[in-house]
Amino acid sequence: MKDVRWLIAAVCLGVLIILAGCGAAPGPEQQAAPSSEGAAPASVAKTVSFAADVKPILDKHCANCHLGGVSKGGYNLDTHENAIASGRNGARIVPGNSAGSNLVLRVAHDPSVKKMPPKGEALSADEVATLKAWIDQGANWE
Ligand code: HEC
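What counts and how
Residues numbered from 1 in each chain as written. Predicted model: local features only at pLDDT ≥ 70, side-chain atom pairs only at ≥ 80, totals over all residues. Helix = DSSP H or I, 4+ residues; strand = E, 2+ residues; numbered from the N terminus. Buried ≥ 20, exposed ≤ 12 C-beta atoms within 10 Å, placed from the backbone. Contact = placed C-beta atoms within 7 Å. Near = placed C-beta within 6 Å. Core = buried A, V, L, I, M, F, W, Y, C linked by C-beta atoms within 7 Å. Expected span 1.5 Å × (residues − 1). pLDDT = per-residue confidence, 0-100.

Turning to the overall build of the protein chain, a few remarks are in order. Scanning the protein chain from N- to C-terminus turns up 7 helices and 2 strands. Across the protein chain, helices and strands are ordered from the amino to the carboxyl terminus as α-α-α-α-α-β-β-α-α. Split into buried and exposed, the 142 residues of the protein chain put 17% on the buried side. In the protein chain, once contacts between residues fewer than 6 apart in sequence are set aside, the share between residues at least 24 apart is 49%.

Right, dumping it as structure tokens:
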């Protein structure tokens, strides 16, 4: 009788070890799942340069109204100080926080604000992503 109890105890222990082993070693299909996250089409992984990446976008889409001394709506993008200054509608550019930046909401055509540019060609998804990444990386002016 004592031998049988030992046998049952040994089998139970064996089952526990097998179950624990399965939990610790996920199959290949479980490991592969998270990698698809970074595949969003408009994501910008690299460090954005103001001069090389951002300024050309502003020159192309915003120059007529916010550059070269022009300040439509009281907003001027000629200097860093002016660009990040707060406006009537709150912070236009919040370094480190693209989601809280009025400028991003506008170029991304968020329904809560008037879109920018007001008419004509909208920014491409890549251009919007570049501006977002630039602001999230600190909105440097070099
Ligand atoms: C055709 C002229 C025109 C162009 C081009 C234009 N804007 Fe504007 N922008 C305005 C006017 C007018 C206002 C003020 C009215 C308003 O708030 O919508 C304004 C307001 C803004 C504001 C809000 C300012 C505040 O006080 O909060 C931001 C931010 C802005 N523009 C960013 C941009 C950006 C970035 C671009 C280029 C992608 C751009 N605009 C292109 C005319 C323009």
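What surrounds the ligand is a group of 22 residues, the closest being C62, C65, G73, G87 and M116. Secondary-structure elements contributing two or more residues to the shell around the ligand are α4 (63–66) and α6 (102–107). Among the elements that make up the shell around the ligand, the one with the highest residue count is α6 (4 residues).

Soluble globular proteins: nonpolar side chains tend toward being buried together. V104, V107, L131, W134 and I135 are the most contacted members of the largest nonpolar core, which has 14 residues in total. Only α6 and α7 (125–136) provide two or more residues apiece to this core. Counting residues per element, this core draws most heavily on α6, at 4 residues. Discounting chain neighbours no more than four positions away, the residues touching I135 are I93, P95, S98, S101 and V104.

Next up on the list: the environment of F50. Relative to the helices and strands, F50 resides in helix α3 (residues 50–61). With 84 residues separating them in the primary sequence, F50 and W134 have C-alpha atoms 7.3 Å apart. The contacts of F50, once residues within four sequence positions are left out, are K55, W134, N140, W141 and E142.

Helix length check: α7, at 12 residues, gives a terminal C-alpha distance of 16 Å against a target of 16 Å (1.5 Å per residue), a fit within 8%. Packing partners of the buried residues in α7 comprise α3 and α6. Looking one or two residues past α7, G138 carries a phi angle of roughly 110°, positive in sign.

Further remarks concern the environment of A52. When you line up the elements, A52 lands in helix α3. Each C-alpha atom, one on A52 and one on E142, is 9.0 Å from the other, the two residues being 90 residues apart in sequence.

Per-residue confidence for the protein chain averages 82 on the pLDDT scale, and 68% of its residues sit at or above 70. Throughout residues 15–19 the model reports pLDDT below 50, and contacts reaching past four residues in sequence, or to other chains, amount to 0 contacts. Under a pLDDT of 50 for its full length, residues 25–39 has, in the predicted model, 2 contacts with residues more than four places off or in other chains.

Attention now goes to unusual backbone geometry. Cis geometry marks the peptide bond from M116 to P117, where omega comes out at -15°. On the secondary structure map, P117 appears in the loop between α6 and α7. Of note in this structure, H109 is not a glycine but carries a positive phi near 55°. When you line up the elements, H109 lands in the loop between α6 and α7. Backbone geometry places A139, a non-glycine residue, at a positive phi of 55°. When you line up the elements, A139 lands in the segment after α7.

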